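Remarks on the overall topology
Read off the chains here:
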Amino acid sequence: MGMSGTLRTTPLHAAHRAAGAKMVAFAGWEMPLHYGSQIEEHHQVRRDAGMFDVSHMLAIDLQGTGARGFLRTLLANDVAKLREPGAALYSCLLGFDGGVMDDLLVYFLGADRFRIVVNAGTSDKDIAWIVAQRTSGAGVDVAPRRDLAIIAVQGPCARKKAGRALPQARGSSERLHRFQAVAVGEMLVARTGYTGEDGFEIMLPAAHATELWNTLGLQGVTPVGLGARDTLRLEAGMNLYGQDMDEGVTPFECGLGWTVDLKSSRDFIGRAALARPAARQLIGLMLLERGVMRMHQAVRCDGGEGEITSGGFAPTLNRSIALARVPSTVAVGDGVEVNVRDKWLRARAVKPPFVRNGKILVHG
Amino acid sequence: MTTPDNLKYTSSHEWVRQEADGAVTIGITFHAQEMLGDVVFVENPAVGRKLKQGEECGVIESVKAAADIYAPLSGEVVAANAELTDAPEKVNQDPYAAWMFRIRPDDPAELAALLDAAAYQKIADAEKH
């Protein structure tokens, strides 16, 4: 990985520049915001296939006879569910007070090997935390994999086009179920993503990233920047760490209660703090008037006040949508008001996702 | 041609064109739409509203941010471009054709005092670096 000024750059930095990307600072990295039109890139992913450089995210390998037991203590979801090699799981990493330190995907690679993929902005903190929680004799090595690049290929035609670009992985990747991964040589191909569309996330040695990027381009997969990544994930009702959740909220206060496994008796970090009922919840909002909801705007509702945690214009719905933290008394279908540039505009509470697999699931 | 010579400009990135009937037409510059990214929402001042130079009188929202529009001149709003309500993307496609509103100026001297293309281009260039 290189450096540009004080910002870190991914192995695809030159490719982004060559494609005319508008580069911006994001979590300490210089990343593409868009390559021309953010809205066109959004539609491309909903209708065909787009590719994202997400190499700023960090893969961390955990290996050893104690790896599974350690992860069962470390994560709020239970890796005991990962029985077959290649199986993946979404989980929160909690502090002792039940606050969300990060959200991540964990992959069972086989035998005593696991991989987690964490957010760029939290990766240093995560590693320090993980190492600190590892007791002596835990029997687990922790290896950050900055030698890997990560390319996401997303959209209804993503798997087909990625299969053409990766003939060596085609057979094995075609058979993948959602939330399943397969190792192909030095590459890990996972049927996961952050857009609400089908597709793959591909981890591979940094030295091979540009070749894969260009090969995908030849198959008609077009580059998509962080701007469209954000509107796609917002339409898909997926949280962004640092906006929709942080250490100040529990999974139950940010719509991620479903990822907390309380069925087993295991004593995972943060569990004790989750006993008290949540006074707040994360809901979806659809704006019923013209305007654009944005992060930090105030929400007025029957049970009190709330705040927009992520808001914007949703290209698929052609209107503004948001995620908002509001009192637990607010129910789906309720009318609320949002303070958009000093005007109180009407919005309706909805259950995310707003869009999944190209289909609009909520209606104003 | 990102800053046409025949227009006047403000440091807040509006362009102003003198019309034959004495009114002026107002929009946002190529540089402004480039900084904003895809425009998704345009709110114009109501026809008949009396504006003071520098007054906030409209909003352009993009995928990225909201930008206030300021009256480049004092005067009465005589027209607003309703086409932008349904097709805000025209601001990106051709910012000098996608006009926002027209004013009948109170004081023609205000128009003469606005920035010319060369002076505005310097401001735009400085923001890019």
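The following paragraphs examine the structure supplied in this document.

Check the secondary structure of chain B and you find five helices and nine strands. Here chain B has a C-alpha radius of gyration of 13 Å; the compact-globule value for 129 residues is 14 Å, and the two agree. By principal-axis analysis of the C-alpha atoms, chain B measures approximately 35 × 35 × 25 Å. Counting all 129 residues of chain B, 42% fall into the buried class. Long-range pairs, those at least 24 residues apart, make up 65% of the contacts in chain B with a sequence separation of at least 6.

Next up on the list: the pairing of strand S5 (residues 50-53) of chain A. All names here are of chain A. Neither face of S5 is exposed, since Gly50 and Phe52 on one face and Met51 and Asp53 on the opposite face are all buried. With four bridges connecting them, S5 and strand S11 (residues 148-154) associate as antiparallel partners. Bridging across to S11, Phe52 finds its partner in Ala152.

So, on to the pairing of strand S6 (residues 58-63) of chain A. All names here are of chain A. Here S6 runs beside strand S9 (residues 113-118); their pairing, made up of six bridges, is antiparallel. Residue Gln63 lies in a different strand from S9, and its bridge partner there is Arg113. Two strands pair when backbone bridges link them, and S6 and strand S10 (residues 141-144) are joined in this way by four bridges, in the antiparallel orientation. Paired with Ile60 across the bridge in S10 is Pro144.

This next bit is on the sheet that holds strand S4 (residues 39-43) of chain B. Residues and elements named next belong to chain B. Here three strands make up an open sheet; going across it, the order is S4-S6-S7 and the pairing antiparallel. With one partner strand each, in any of the chains shown, S4 and strand S7 (66-70) form the two edges of the open sheet. Taking the axes of each pair of neighbouring strands and ignoring which way they run, one obtains an average angle of 20° across the sheet. Strand direction decides the pairing type here: S4 and strand S6 (residues 56-62), joined by four bridges, are antiparallel. Bridge pairing links Phe41 to Glu61 in S6.

Turning to unusual backbone geometry, a few remarks are in order. Residue and element names in this part refer to chain A. A cis amide bond, omega 5°, links Pro352 with the succeeding residue Pro353. Unusually for a residue other than glycine, Ala111 sits at a positive phi of about 50°. Along the chain, Ala111 turns up in the loop between strand S8 (100-110) and S9. The exposure class assigned to Ala111 is exposed, which follows from the 10 C-beta atoms found within 10 Å. Positive phi outside glycine occurs at Asp342, with the angle close to 70°. Mapped onto the fold, Asp342 is located in the loop between strand S20 (335-340) and strand S21 (343-350).

On to the nonpolar core, then. Residue and element names in this part refer to chain A. Formed by 134 residues in total, the largest nonpolar core has its most connected members in Val106, Ile151, Val153 and Leu285. Among the elements that make up this core, the one with the highest residue count is S8 (seven residues). Counting residues domain by domain, this core receives three or more from each of domain 1 (1-239) and domain 2 (279-360).

Attention now goes to the sheet that holds strand S3 (residues 24-28) of chain B. Ordered by their spatial adjacency, six strands build an open sheet running S1-S2-S3-S9-S8-S5 (chain B), and the pairing between neighbours is antiparallel. Of all strands in the sheet, those with a lone pairing partner are strand S1 (8-9) and strand S5 (50-51) of chain B, marking the two edges.

What follows covers the packing of helix H5 (residues 158-165) of chain A against helix H7 (residues 209-218) of chain A. Residues and elements named next belong to chain A. Close contact between H5 and H7 brings their axes to 9 Å; oriented N to C, the two are set at 120°. With respect to their mutual orientation, H5 and H7 come out oblique. In this structure, H5 meets H7 at a crossing whose hand is right-handed. Each of Lys161, Ala162 and Ala165 in H5 lies in contact with H7, whose residues at this interface are Leu212, Thr215 and Leu216. By residue class, the composition of the contact of H5 with H7 is four nonpolar, one polar and one charged.

Our focus in this paragraph is the interface of chain A and chain B. Think of interface size as the accessible area that goes away when the parts come together; that is how it is often given. Contacts between the two partners involve 12 residues from chain A and, on the opposite side, nine residues from chain B. Looking at the side of chain A that touches chain B, its residues break down into three nonpolar, seven polar and two charged.

So, how was this worked out
- Residues numbered from 1 in each chain as written.
- Chains lettered and ligands numbered in written order.
- Predicted model: local features only at pLDDT ≥ 70, side-chain atom pairs only at ≥ 80, totals over all residues.
- Helix = DSSP H or I, 4+ residues; strand = E, 2+ residues; numbered from the N terminus.
- Rg over C-alpha atoms; globule rule 2.2 N^0.38 Å.
- Buried ≥ 20, exposed ≤ 12 C-beta atoms within 10 Å, placed from the backbone.
- Contact = placed C-beta atoms within 7 Å.
- Pairing = 2+ DSSP bridges.
- Axes fitted to C-alpha atoms, helices over the stretch in contact; angles between N-to-C directions.
- Core = buried A, V, L, I, M, F, W, Y, C linked by C-beta atoms within 7 Å.
- Domains from an automatic or database assignment.
- Parallel < 35°, antiparallel > 145°, perpendicular 65-115°, else oblique.
- Left-handed = near helix turned anticlockwise from the far one by under 90°.
- Nonpolar A, V, L, I, M, F, W, Y, C, P; charged D, E, K, R; others polar.

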